[in-house]
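Observations on the model geometry
The primary structure of each chain is shown beneath.
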Amino acid sequence: MTAEQKQVELRKYFFKPSPFWESLPTALWSEMQALSTTQHFAKKSLVYSEGSHPRSLYIIRKGQVKVYIINNEGAEQIIYFLGKDEVFGHRSIVCDEPSPVFVEAITDCEMDCIPRYHFEGFLQKSLELNAVFLSYLGHEFRVFANKISVFGQKPVSERVALALLVLNEKFNDHPEYVMVLNFSREDLASYIGTATENLIRQLKRLKDARAIIVKGRKILIEETDLLWERARVM
């Protein structure tokens, strides 16, 4: 696979669109910014929970959050990690329904928050804003379906390698440099869909193969080609 083909393949499994404000008229975005407030969320604090109605459209300016559900066995299952300039809360507002997920800060976060009432008003008067978020909803569904189908079929060794490639593609803004992934083992295992002990064993195997370097909770991706071999993505 070429570098471009690899990028296209990895982008099937995560959602990172261009900032929605880039598609809006300047005047509209200025009006939205004027009504937004800045909020801070400490690491491990819950932004909102399943069944609640998000109070705002949230735009992450600093930090990362995890989006997860609680399965029938009471275990946490992470669907997405979100970072700088990504948004959440829009699904419940656009669809006018309670949130189906929990959102929690995994680092200290700073967010711009556009109150729900004002965001609903902007949706009613702006075709451009409606088009952007309808596109978001469709794209999110495709990514979710891809992740569930592929991650559900692969053995854990391949899922771990693929997840590292996906997270590197999503969060590494400078591909020419070594990427450091800094997620807790529990969160990474939850995202992959395996037990923490299984994840640790697989990371050790990748470390022994010199595909990655492990320093505490930090994972440095050393050889992406080896990860591609282990991921067995066709």
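Everything numeric in this text was worked out from a predicted model, so none of it was measured.

Right, let's talk about the sheet that holds strand β10 (residues 212–215) for a bit. Across the sheet, three strands lie side by side as β9-β11-β10; this open sheet has antiparallel pairing. Looking at which strands have only one partner, the edges of the open sheet turn out to be β9 (180–182) and β10. The mean inter-strand angle of the sheet, taken between neighbouring strand axes irrespective of direction, is 25°. Two strands pair when backbone bridges link them, and β9 and strand β11 (residues 218–221) are joined in this way by three bridges, in the antiparallel orientation. By the bridge assignment, L181 is partnered in β11 with I219.

With that settled, the discussion passes to the packing of helix α7 (residues 185–192) against helix α8 (residues 196–208). Packing of α7 against α8 leaves a shortest axis separation of 9 Å and a crossing angle of 95°. Classified by the angle between their axes, α7 and α8 sit roughly perpendicular to one another. Counting all contacts with α7, which are made through R185, E186, L188, A189 and I192, the residues of α8 involved are T196, L199 and L203.

Below, the discussion takes up the packing of aromatic side chains. On inspection of all chains with the given rule, the structure shows 15 aromatic pairs. Seen from their ring centres, F20 and W29 are 5.5 Å apart, and the 85° between their planes marks the pair as edge-to-face. A single burial state applies to F20 and to W29, both of which are buried. Ring centres of F20 and F133 lie 5.1 Å apart, and the angle between their planes is 50°; this geometry places the pair in the tilted category. Of this pair, F20 sits in the loop between α1 (3–10) and α2 (26–34) while F133 is found in helix α5 (residues 127–153), placing the two residues 113 residues apart along the sequence. Comparing F20 with F133 shows no difference in burial state: the two are buried. Taken together through their ring pairs, the aromatic side chains of F15, F20, W21, W29, F119, F133 and Y136 make up a single cluster. A cation over an aromatic ring shows up here: K147 above the ring of Y191, its NZ or CZ 4.5 Å from the ring centre.

Cut-offs applied
- Residues numbered from 1 in each chain as written.
- Predicted model: local features only at pLDDT ≥ 70, side-chain atom pairs only at ≥ 80, totals over all residues.
- Heavy atoms only, no water.
- Pairing = 2+ DSSP bridges.
- Helix = DSSP H or I, 4+ residues; strand = E, 2+ residues; numbered from the N terminus.
- Axes fitted to C-alpha atoms, helices over the stretch in contact; angles between N-to-C directions.
- Parallel < 35°, antiparallel > 145°, perpendicular 65-115°, else oblique.
- Contact = heavy atoms within 4.5 Å.
- Phe/Tyr/Trp six-rings, centres within 6.5 Å; stacked < 30°, edge-to-face > 60°.
- Buried < 20%, exposed > 50% of the residue type's maximum accessible area, 1.4 Å probe, protein only.
- Lys NZ or Arg CZ within 6 Å of the ring centre and 35° of its normal.

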